[in-house]
Amino acid sequence: MSCENCHGSCGGCGALVLTAAELELLRHFGQTPFLPAASAYDMKIPVYLEDQTRSPEESSAAILGLAGKGLIRLDYDIPLENFHYGAYEAYPLHGSMALTGRGQDVLEQIEIQGIEA
């Protein structure tokens, strides 16, 4: 979402700039509010392997972007119940991601008002 005079960053107008990957992942959270996440012990890079259309690096960047904007929350100490983390064996921390209240509000705005690409 952006305003007409925005050049990629918020100048106080309240616009929120999302990458295509962030927008796609945010919309996925609208359908599935809790998703798996994993990481190495340093917790610097989140891993999400369920998106077959993006590389793990692109997914990680989208996760970090959404988390940095306060739209999702990463919890490496709260794994999903009844989710098989077999694909995430290489990563010792198995957790989850969830929409925040702000993320839900942004999703609702997108559905009501649409967004400019």
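First things first, this report covers the structure right here in the doc. (Residues numbered from 1 in each chain as written. Predicted model: local features only at pLDDT ≥ 70, side-chain atom pairs only at ≥ 80, totals over all residues. Heavy atoms only, no water.)

1. Considerations on unusual backbone geometry
In this structure, Met-43 is a non-glycine residue whose phi angle is positive, near 55°. On the secondary structure map, Met-43 appears in the loop between strand 1 (34–39) and helix 2 (56–68). Taking relative accessible area as the criterion, Met-43 reaches 46% and is therefore assigned partly exposed. (Helix = DSSP H or I, 4+ residues; strand = E, 2+ residues; numbered from the N terminus. Buried < 20%, exposed > 50% of the residue type's maximum accessible area, 1.4 Å probe, protein only.)

2. Some remarks on the environment of Leu-35
Within the secondary structure, Leu-35 is located in strand 1. Spatially, the C-alpha atom of Leu-35 lies 6.6 Å from that of Ala-98, the residues being 63 residues apart in sequence. If sequence neighbours within four positions are ignored, Leu-35 has contacts with Leu-25, His-28, Phe-29, Tyr-48, Leu-80, Gly-95, Ser-96 and Met-97. (Contact = heavy atoms within 4.5 Å.)

3. Quick notes on the packing of aromatic side chains
As enumerated under the stated definition, the model contains 3 aromatic pairs in all. A centroid spacing of 5.8 Å and a plane angle of 65° characterise the contact between Tyr-85 and Tyr-88, whose relative ring orientation is edge-to-face. With relative accessibility at 10%, the residue Tyr-85 sits in the buried group. Accessibility expressed as a relative area gives 0% for Tyr-88, which makes it buried. (Phe/Tyr/Trp six-rings, centres within 6.5 Å; stacked < 30°, edge-to-face > 60°.)

4. Focus: helix 3 (residues 101–113)
Over its 13 residues, helix 3 extends 18 Å from the first C-alpha to the last, a length consistent with the 18 Å expected when each residue adds 1.5 Å. Buried within helix 3 are the following residues: Gly-103, Val-106, Leu-107 and Ile-110. Taken around the axis of helix 3, the buried residues stretch over an arc of 100°, which confines them to a single face. Turned more than 90 degrees away from the buried face of helix 3, the exposed residues are Gly-101, Ile-112 and Gln-113. Looking at the packing, one finds that the buried side of helix 3 touches helix 1 (20–31) and strand 3 (93–99). (Expected span 1.5 Å × (residues − 1). Arc of directions from axis to C-beta.)

5. A few points about the packing of helix 1 against helix 3
The interhelical angle for the contact between helix 1 and helix 3, taken along N-to-C directions, is 100°, at an axis separation of 10 Å. If you check the angle between helix 1 and helix 3, you find them roughly perpendicular. Residues Leu-23, Leu-26, Arg-27, Phe-29 and Gly-30 of helix 1 pack against Gly-103, Val-106, Leu-107 and Ile-110 of helix 3. In the contact of helix 1 with helix 3, the residues fall into 6 nonpolar, 2 polar and 1 charged. (Axes fitted to C-alpha atoms, helices over the stretch in contact; angles between N-to-C directions. Parallel < 35°, antiparallel > 145°, perpendicular 65-115°, else oblique. Nonpolar A, V, L, I, M, F, W, Y, C, P; charged D, E, K, R; others polar.)

6. What about the nonpolar core?
If you look at the biggest cluster of nonpolar residues, it comprises 27 residues, and the most contacted ones within it are Leu-18, Leu-25, Leu-26 and Met-97. Ignoring any residue separated from it by four or fewer positions in sequence, one finds Leu-26 in contact with Leu-18, Leu-66, Leu-71, Leu-99, Gly-103, Val-106, Leu-107 and Ile-110. (Core = buried A, V, L, I, M, F, W, Y, C linked by side-chain atoms within 4.5 Å.)

Such coordinate-based values are descriptive only and should not be taken to indicate function.
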